Amino acid sequence: MKAKKADPFERFKDLEAEHCWQYEVRLRNMQEDLQAMGKDLAWAESLRTTDFDFGYVDSSDKDQCNEVRDFIIRHEFLGCLPNRPTHRFTARLKETGELAGVVVMAVPNTFSHLIGKENKNIVKLVSRGASISWAPKNLGSWIVSRSCKWMVQNTEFRCFEAYSDPLAKELGTIYQALNWTYLGQTSGTAKVYLDPKNKDRGWFSDRDFRKKSKYKMYAEKIGITPEVWRDKYMGKWSPKWDEIPASVKKKIKDQEKKYRNSCESRTVPAKHKYCFILGRTKKETKQLHKLFKDNNPKKVGLSYPKERGRLK
């Protein structure tokens, strides 16, 4: 099941309400979701986070991974998984095992130096999250909090980043409720693009030009077979630029530029960015927070945004 990627202009422009698009999805799904459960609104309003179990989904569990994907498609406003998902978490109703909330973490779009260049590999992106319409309103913050704590106790990650999109009238309410650190409204792509030969796909960010599939396409256009590209030049996430001859690298970059120039483009507002830093011990947490303050003196103590963005 593959969802059409959200169009940040055509989809969001019709929302006249003061709330964000994610809450709008909740409202639109409520009646159908309650009917599927055979329950009413009074039942939903009686639920508490103590009625749910938190769980981690191993990437080898394809059935649960697919369930998380389908949940994101229906209940998350972007309607698709991130480019490089790595960790998935769930909230299930204890009574029935019904999936009620998910969080998906991913490789950051760009590696952050918030706690120093030497610590860029312990940063993880909270990329997707959604709750079913009848879930308690605080289930989102509940599962995000537990997901980050699970990561700290079971992996090497200690710093978590997240974005909220003014285009969809987001403020980052969940991150504010969890007392995350606000990093300002300066993040994300400045433009989105539309392929005139594939308009049904919708608008996409400039990161799309650097996806593995796109590099494969560029390579094929200059005569490199998919097998050679995969076995000789492509790494896990990006091309092995140090091993690619300069002349070949230039041709690939020229193809990337050519494709970019063939697309339509529009400017978009910068995204709000938040981070949360946690160590396994109080001592480690204190050390990491000091690193953050030393590396980001201008980002310490920024006030949370309170006014939702509007489309013009």
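The structure we're discussing is the one just above.
Residues numbered from 1 in each chain as written. Predicted model: local features only at pLDDT ≥ 70, side-chain atom pairs only at ≥ 80, totals over all residues. Heavy atoms only, no water.

**Student:** Could you give an account of the packing of aromatic side chains, with specific residues and numbers?
**Tutor:** Evaluated as defined, the whole model comprises 18 aromatic pairs. Ring geometry for Trp43 and Trp134: centres 5.1 Å apart, planes at 55°, overall tilted. Linking Trp43 in helix α2 (residues 41-46) with Trp134 in the loop between β4 (123-131) and α4 (139-154), this pair joins segments that are 91 residues apart in sequence. Residue Trp43 is classed as buried on the basis of its relative accessible area of 14%. Between the aromatic rings of Phe54 and Phe89, the centroid separation amounts to 5.7 Å while the plane-to-plane angle is 10°, which identifies the pairing as stacked. Highlighted residues: Phe54 in strand β1 (residues 52-57) and Phe89 in strand β2 (residues 85-93), separated in sequence by 35 residues. By relative accessible area, which is 26% here, Phe54 ends up partly exposed. Given the relative accessible area of 0%, Phe89 is considered buried. In this structure an aromatic cluster arises from ring pairing among Tyr175, Trp180, Tyr182, Tyr274, Phe276 and Tyr304. (Phe/Tyr/Trp six-rings, centres within 6.5 Å; stacked < 30°, edge-to-face > 60°. Helix = DSSP H or I, 4+ residues; strand = E, 2+ residues; numbered from the N terminus. Buried < 20%, exposed > 50% of the residue type's maximum accessible area, 1.4 Å probe, protein only.)

**Student:** Give me the pattern of salt bridges: which residues, what numbers.
**Tutor:** What the rule picks out here adds up to 15 salt bridges. Asp254 is the salt-bridge partner of Lys250, the closest N and O atoms lying 3.0 Å from each other. Here Lys250 and its partner Asp254 are both found in helix α8 (residues 246-262), four residues apart, which amounts to about one turn of the helix. For Asp254, a relative accessible area of 38% puts it in the partly exposed group. A salt bridge links Asp294 to Lys290; the shortest N-O distance between them is 2.9 Å. Placement of the pair is Asp294 and Lys290 together in helix α9 (residues 282-295), with a separation of four residues, close to one helical turn. (Salt bridge = Lys/Arg side-chain N within 4 Å of Asp/Glu carboxyl O.)

**Student:** Now, about the nonpolar core: what can you tell me, with residues and values included?
**Tutor:** One finds Val126, Trp134, Phe160 and Trp180 to be the most contacted residues of the largest nonpolar core, which totals 41 residues. Here this core takes seven residues from α4, the largest share from any one element. Other than its neighbours up to four places away in sequence, Trp134 contacts Arg26, Met30, Asp33, Leu34, Met37, Trp43, Ala44, Leu47, Phe52, Leu93, Glu98 and Ala100. Judged by nonpolar contacts, the second largest core, of 15 residues, contains Ala219, Ile244, Tyr259 and Cys263. (Core = buried A, V, L, I, M, F, W, Y, C linked by side-chain atoms within 4.5 Å. Contact = heavy atoms within 4.5 Å.)

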